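# Structural overview
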Amino acid sequence: MTTALCPGSFDPPTNGHADIIGRAITSFDRVVISVIDNPAKRAMFSATERIELLQEMYGDAVETTSFSGLLVDHVRDVGADVVVKGLRTVDDYQYETQMAQMNRHLTGMETYFIPTRPEFAFVSSSLVKEVARLGGPMSGLVPDVVEKALKERLS
Ligand code: PNS
């Protein structure tokens, strides 16, 4: 059984995240989504709220958890075989490759990259929050449960 861990901020989860996670679910036996819990970073949604959103999106198809500290330690604790990350742009490639190489250096942990579908290449949590704060439409950007949570948080 091969377990993939999908780590991220997910503040909030977007349709870009959903694209990558959905494809990980079809490729791996077990998928664990892990939300980084970094109290020093001001997030719109708490780690608990982000986990709740991901649970609403996926139900029993995935496991959800949170972590702080080194990703490689968390991967070992969860019993994951690989980390799965999405790649949108050249900037993502540079940043993610460096992290993947550091993680492989630390413990031999492998990172598998899935190229984002082109229609989600411009979607990021930070831009979604900016558009939502300024009253723009969320259509095509986030799942319905996230759109509802954004509306409630910003009302
Ligand atoms: O959604 P994001 O912001 O791209 O997620 C980034 C995340 C949480 C996966 C990344 O910041 C991370 O792995 N943090 C853990 C810290 C760590 O292990 N750093 C050293 C190895 S690069």
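In what follows, the structure referred to is the one given above.
From a predicted model like this one, the values you see are computed outputs, not experimental measurements.

### Some words on the nonpolar core
Counting 32 residues, the largest nonpolar core has Ile 21, Ile 33, Leu 54, Val 84 and Leu 150 as the members making the most contacts within it. Broken down by secondary-structure element, the contributors of at least two residues to this core are β1 (3-8), α1 (15-27), β2 (30-36), α2 (47-58), β4 (82-87), α5 (125-133) and α6 (144-154). For this core, the element with the highest residue contribution is α2, accounting for 6 residues. The next biggest cluster of nonpolar side chains, apart from the first, holds 10 residues, and it includes Val 72, Val 75, Val 78 and Val 83.

### Remarks on the pairing of β4
Where burial is concerned, most of β4 is hidden: 5 out of the 6 residues are buried. Where β1 and β4 come together, 2 bridges link them in parallel fashion. In the sheet register, Ala 4 faces β4, and the bridge partner there is Val 82. In the sheet, β4 pairs with strand β5 (residues 110-115) via 6 bridges, with the strands oriented parallel. Bridge pairing in β5 links Lys 85 to Phe 113. This β-α-β element, β4 to helix α4 (residues 90-107) to β5, shows right-handed connectivity.

### Observations regarding the packing of aromatic side chains
Throughout the structure, instances matching the rule amount to 1 aromatic pair. Measuring from ring centre to ring centre gives 6.1 Å for Phe 28 and Tyr 112, while their planes differ by 50°; the resulting arrangement is tilted. Taken together, the positions of Phe 28 in the loop between α1 and β2 and Tyr 112 in strand β5 put the pair 84 residues apart, joining distant regions of the chain. Overall, the relative accessible area of 13% leaves Phe 28 in the buried class.

### Some points on the site of the ligand
Around the ligand lies a shell formed by Pro 7, Gly 8, Ser 9, Ile 36, Phe 67, Gly 69, Leu 70, Leu 71, Lys 85, Met 99, Met 102 and Asn 103. At a separation of 2.7 Å, an oxygen atom of the ligand approaches a polar side-chain atom of Ser 9. Within the backbone of Leu 71, an N or O atom sits 2.9 Å from an oxygen atom of the ligand. Isolated, the ligand exposes 550 Å² of accessible area, and the fraction of that covered by the protein chains is 73%. Elements supplying a minimum of two residues to the shell around the ligand: β1 and α4. Of the residues forming the shell around the ligand, the biggest block, 3 residues, is contributed by α4. Tallied by class, the residues present in the shell around the ligand amount to 7 nonpolar, 4 polar and 1 charged.

### Re the packing of α2 against α6
It is the contact of α2 with α6, at a shortest axis distance of 10 Å, that shows an interaxial angle of 150°. For the pair α2 and α6, the contacting residues are Glu 49, Leu 53, Glu 56 and Met 57 in the first and Val 145, Val 146, Ala 149 and Arg 153 in the second. Partitioned by chemical class, the residues of the contact of α2 with α6 number 5 nonpolar, no polar and 3 charged.

### Comments concerning the pattern of salt bridges
By the definition in use, this model includes 12 salt bridges. Its salt-bridge partner being Lys 129, residue Asp 11 comes within 2.8 Å of it at the nearest N-O pair. Placement of the pair is Asp 11 in the loop between β1 and α1 and Lys 129 in helix α5, with a sequence separation of 118 residues. On the basis of relative accessibility, which here comes to 6%, the residue Asp 11 falls in the buried class. Taking the relative accessible area as the measure of exposure, Lys 129 reaches 13% and is therefore buried. Of the charged contacts in the structure, one is a salt bridge between Asp 77 and Arg 76, with a shortest N-O distance of 3.3 Å.

Calculation rules
- Residues numbered from 1 in each chain as written.
- Predicted model: local features only at pLDDT ≥ 70, side-chain atom pairs only at ≥ 80, totals over all residues.
- Heavy atoms only, no water.
- Core = buried A, V, L, I, M, F, W, Y, C linked by side-chain atoms within 4.5 Å.
- Buried < 20%, exposed > 50% of the residue type's maximum accessible area, 1.4 Å probe, protein only.
- Helix = DSSP H or I, 4+ residues; strand = E, 2+ residues; numbered from the N terminus.
- Pairing = 2+ DSSP bridges.
- Right-handed = clockwise from strand over helix to strand, strands pointing away.
- Phe/Tyr/Trp six-rings, centres within 6.5 Å; stacked < 30°, edge-to-face > 60°.
- Near = heavy atom within 4 Å.
- Polar contact = N/O pair within 3.5 Å; in protein donor to acceptor, adjacent residues only side chain to side chain.
- Areas by Shrake-Rupley, 256 points an atom, 1.4 Å probe, with all protein chains shown as cover.
- Nonpolar A, V, L, I, M, F, W, Y, C, P; charged D, E, K, R; others polar.
- Axes fitted to C-alpha atoms, helices over the stretch in contact; angles between N-to-C directions.
- Contact = heavy atoms within 4.5 Å.
- Salt bridge = Lys/Arg side-chain N within 4 Å of Asp/Glu carboxyl O.

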